[in-house]
Amino acid sequence: MYTFCTDITADECLCYLKTLPHYNVLQTPMWAFVKPNWAHLIVGLRDENKQVVATALLLIRTLMPGFKIIYSPRGFMLDYHDDAKVRVFIQGIRDYAKQIHAYMVRIDPEIKISEIYKSEKKQIESGISQLNVLRQYGFLHMGYATDFHSYTQPRFNAEYKLVDEQGVKLTDEQILKGFDKKLKKFIGHYTSDRGIFFEKAPNNEGTIDHYIQISAHTEQRQHILLRDAAYFKRMLHAFGDDMVIYFAKMDMDKFLLYLDSCVDKEQAEKDREEALRIKKERGNIVTMSALLFLKSQDTAYLMYSGFDETVFSRFRTTNQIRYEAMRSFRDEGIKTFSFMGIHGDLQDSLSQFKLKFNPVIVEFAGEFELPIRHFKYKLMTKIFPFCKNVYLKCVKLIQRK
């Protein structure tokens, strides 16, 4: 017998998650503290021995007076093949949603329904089965859109395995082997000869401030609004050592020495002039790009990246910084490097860049909604898309100013 509980502690949740072969960082108690505009609760199942055997982080928000939503990002952490657990858990979720007057529950679980590798697609039957289980218990499947904007979380992710099929860590050569040839050109001696180096930064607020300076270039270049300093500092305090930042930096003195041996004297003189200017304005050591990760016990999630195009952008440090992070995570025992979301049609520039690393493209089942208050749910399905479009238009106007 299982009992649905709304009093699962953060420690109990983490202890349970660590018994699983995999869990997503968005289902940890720490993620709730990154989202202060949402109320939160950890729910779960206990067995007859009072042991936690399923959990879910629930984020709760009032969209407007009388319209409350429950969202469980990448949840639930539940064995969908165990019918008894599924039945008790979903009934418990339904009852709790009614209790707090939520009109619906939204989830986007990590249910894999296919994998694409080197243009070959393999359907995952167990994922299809889990998708159908949710449908049987009243969840509405929200479709198979391939874009970034239809759902709260992308349906397609790019992942690179850092271990082989037997679980043995890949060597540096094995990791590099699958990379695109043009990408590999910018890894190794190409960067080190030019005074470029890579480092894992200490976890402190100074590192966050430095990271934000680099990510600001990405915002300006792509005309997007990313997160503010407070957001990243909450992330730091919530995840501690499980938040990791890498920087690619350039030593201008070493680069100037390298230029002395260059064959192309005309280009070398242009680079020398630029390097001296940068050194005078910004010092000898200059940051070129940055990556921010969150770790679970088996996966490193590349959450955000930044790239300063004003510092010798043609040297493509965005290539090697990912490779260096892969090597470091592999050495820690991490099994999967997640490039995170990717467009399902694989045709946009971001997808094309990620594909150069030869990842596996994972297709998740997508988003599900469980209507609780049916009248309100039907009303919001008509109102919400309009409000969302107005919001997106307002964001675009702000970005243009």
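Note that the structure is predicted; figures quoted are calculated from it, not measured.

K.L.:
Run through the overall build of the protein, naming residues and quoting values.
P.N.:
Each helix and strand in the protein was counted, giving 14 helices and 16 strands. Relative to the compact-globule value of 21 Å for 401 residues, the protein shows a C-alpha radius of gyration of 23 Å, a close match. Dimensions along the principal axes, computed over C-alpha positions, put the protein at roughly 75 × 50 × 40 Å. Looking at the protein residue by residue over its 401 residues, the buried ones come to 50%. Sequence-distant contacts, at least 24 apart, represent 75% of the contacts inside the protein between residues at least 6 apart.

K.L.:
Any chance you could break down the nonpolar core for me, citing the residues and the numbers?
P.N.:
Where a protein is soluble and globular, its nonpolar side chains tend to be buried together. With 45 residues, the main nonpolar core has Trp31, Met235, Phe239, Met243 and Leu292 as its most contacted residues. At 5 residues, the largest contribution of residues to this core is made by helix α9 (residues 229-239). Excluding its chain neighbours within four sequence positions, the residues that come into contact with Leu292 are Tyr211, Phe232, Met235, Met243, Val244, Ile245, Tyr301, Leu302, Met303 and Tyr304. Counting residues in hydrophobic clusters, the runner-up holds 34 residues, among them Leu45, Leu58, Tyr137 and Ala365.

K.L.:
Break down the environment of Arg106 for me, with residues and values.
P.N.:
Relative to the helices and strands, Arg106 resides in strand β5 (residues 102-107). Spatially, the C-alpha atom of Arg106 lies 9.2 Å from that of Gly75, the residues being 31 residues apart in sequence. Among the polar contacts listed, one links the side chain of Arg106 to the side chain of Glu369, at a separation of 2.9 Å.

K.L.:
Give me a positive patch on the surface: which residues, what numbers.
P.N.:
On the surface, a cluster of positive charge is made up of Lys182, Lys185, Arg316 and Lys356. By secondary structure assignment, the location of Arg316 is in the loop between β13 (299-307) and α12 (317-332).

K.L.:
Help me get a handle on the side chain of Lys35, residues and values and all.
P.N.:
Along the chain, the position of Lys35 falls in the loop between α2 (29-34) and β2 (39-46). Notably, Lys35 is buried but unbridged: the nearest opposite-charge side chain belongs to Asp228, and the N-O separation is 10 Å.

K.L.:
I'd love a proper account of helix α10 (residues 252-259), names of residues and values included.
P.N.:
Every buried residue of α10 is accounted for by Met252, Phe255, Leu256 and Leu259. Relative to the axis of α10, the buried residues are bounded by an arc of 100° and lie together on one face. Set apart from the buried face of α10 by more than 90 degrees, the exposed residues are Lys254 and Leu257. Residues of α10 that are buried sit in contact with β11 (243-251), α11 (265-282) and β12 (285-295). By the N-cap criterion, in which a side-chain oxygen at the helix start approaches the backbone nitrogen of a residue two or three places on, α10 is capped by Asp251, the distance to Asp253 being 3.0 Å.

K.L.:
Help me get a handle on the confidence of the model for the protein, residues and values and all.
P.N.:
With 93% of its residues at a pLDDT of at least 70, the protein reaches an overall mean of 93. Throughout residues 395-401 the model reports pLDDT below 50, and contacts reaching past four residues in sequence, or to other chains, amount to 5 contacts.

K.L.:
Outline the environment of Gly188, listing residues and values.
P.N.:
Secondary-structure assignment places Gly188 in the loop between α6 (181-184) and α7 (189-192). Taking the C-alpha atoms as reference points, Gly188 and Tyr323, 135 residues apart in sequence, are found 10.0 Å from one another.

K.L.:
Please give an account of the packing of α10 against α11 that cites residues and values.
P.N.:
Each pair of packed helices gets described by two things: the angle between the helix axes and the distance between those axes. α11 packs onto α10 with a crossing angle of 165° between their chain directions and a minimal axis gap of 10 Å. Relative to α11, α10 is oriented roughly antiparallel. Regarding α10 and α11, the two cross each other, and that crossing is left-handed. Across the interface between the two elements, Met252, Asp253, Phe255, Leu256 and Leu259 from α10 touch Ala268, Asp271, Arg272, Ala275, Leu276, Ile278 and Lys279 from α11. Across the contact of α10 with α11, the residue classes tally to 8 nonpolar, no polar and 4 charged.

K.L.:
Give a description of the sheet that holds β13 that names residues and reports values.
P.N.:
Overall, mixed pairing links the 9 strands, which are arranged β7-β6-β15-β9-β14-β13-β12-β11-β10 in an open sheet. The outermost strands of the open sheet, each flanked by one partner alone, are β7 (120-123) and β10 (196-200). Sheet twist, expressed as the average angle between the axes of neighbouring strands with direction ignored, equals 30°. Against the sheet, α12 touches β9 (156-161), β10, β11, β12, β13 and β14 (336-341), its axis set at about 45° to β12.

K.L.:
Lay out the sheet that holds β2 in plain terms, naming residues and giving numbers.
P.N.:
The 7 strands are arranged β1-β2-β3-β4-β5-β16-β8 in an open sheet whose pairing can be described as mixed. Pairing within the sheet leaves two strands with one partner each, and these edge strands are β1 (3-5) and β8 (140-141). For β2 and strand β3 (residues 52-64), the ladder comprises 8 bridges, and the chain directions are antiparallel. Looking at β3, one finds that Gly44 is bridged to Thr55. Lying over the sheet, helix α1 (residues 10-17) contacts β2 and β3, oriented at roughly 125° with respect to β3.

K.L.:
Break down the pairing of β7 for me, citing the residues and quoting the values.
P.N.:
Note: strand β6 (residues 112-117) against β7, 4 bridges, orientation antiparallel. When the sheet's bridge partners are listed, Ser114 is paired in β7 with Gln123. In sequence, β6 turns back onto β7 through a hairpin of 2 residues, with Lys118 there showing a positive phi of about 50°.

K.L.:
An account of the packing of aromatic side chains is requested, with residue identities and associated values reported.
P.N.:
Counting across every chain of the model gives 25 aromatic pairs. Note on Phe255 and Phe315: the rings are 5.7 Å apart at their centroids and 70° apart in plane angle, and the pair reads as edge-to-face. Taken as a pair, Phe255 in helix α10 and Phe315 in the loop between β13 and α12 lie far apart in primary sequence, 60 residues in all. Overall, Phe255 belongs to the buried group, its relative accessible area being 0%. Judged by its relative accessible area of 2%, Phe315 is buried.

What counts as what
- Residues numbered from 1 in each chain as written.
- Predicted model: local features only at pLDDT ≥ 70, side-chain atom pairs only at ≥ 80, totals over all residues.
- Heavy atoms only, no water.
- Helix = DSSP H or I, 4+ residues; strand = E, 2+ residues; numbered from the N terminus.
- Rg over C-alpha atoms; globule rule 2.2 N^0.38 Å.
- Buried < 20%, exposed > 50% of the residue type's maximum accessible area, 1.4 Å probe, protein only.
- Contact = heavy atoms within 4.5 Å.
- Core = buried A, V, L, I, M, F, W, Y, C linked by side-chain atoms within 4.5 Å.
- Polar contact = N/O pair within 3.5 Å; in protein donor to acceptor, adjacent residues only side chain to side chain.
- Patch = residues over 30% accessible without salt bridge, like charges linked within 9 Å, V, L, I, M, F, W, Y side chains within 5 Å.
- Areas by Shrake-Rupley, 256 points an atom, 1.4 Å probe, with all protein chains shown as cover.
- Salt bridge = Lys/Arg side-chain N within 4 Å of Asp/Glu carboxyl O.
- Lys, Arg positive; Asp, Glu negative; His and termini not counted.
- Charge placed at Lys NZ, Arg CZ, Asp CG, Glu CD.
- Arc of directions from axis to C-beta.
- pLDDT = per-residue confidence, 0-100.
- Axes fitted to C-alpha atoms, helices over the stretch in contact; angles between N-to-C directions.
- Parallel < 35°, antiparallel > 145°, perpendicular 65-115°, else oblique.
- Left-handed = near helix turned anticlockwise from the far one by under 90°.
- Nonpolar A, V, L, I, M, F, W, Y, C, P; charged D, E, K, R; others polar.
- Pairing = 2+ DSSP bridges.
- Phe/Tyr/Trp six-rings, centres within 6.5 Å; stacked < 30°, edge-to-face > 60°.

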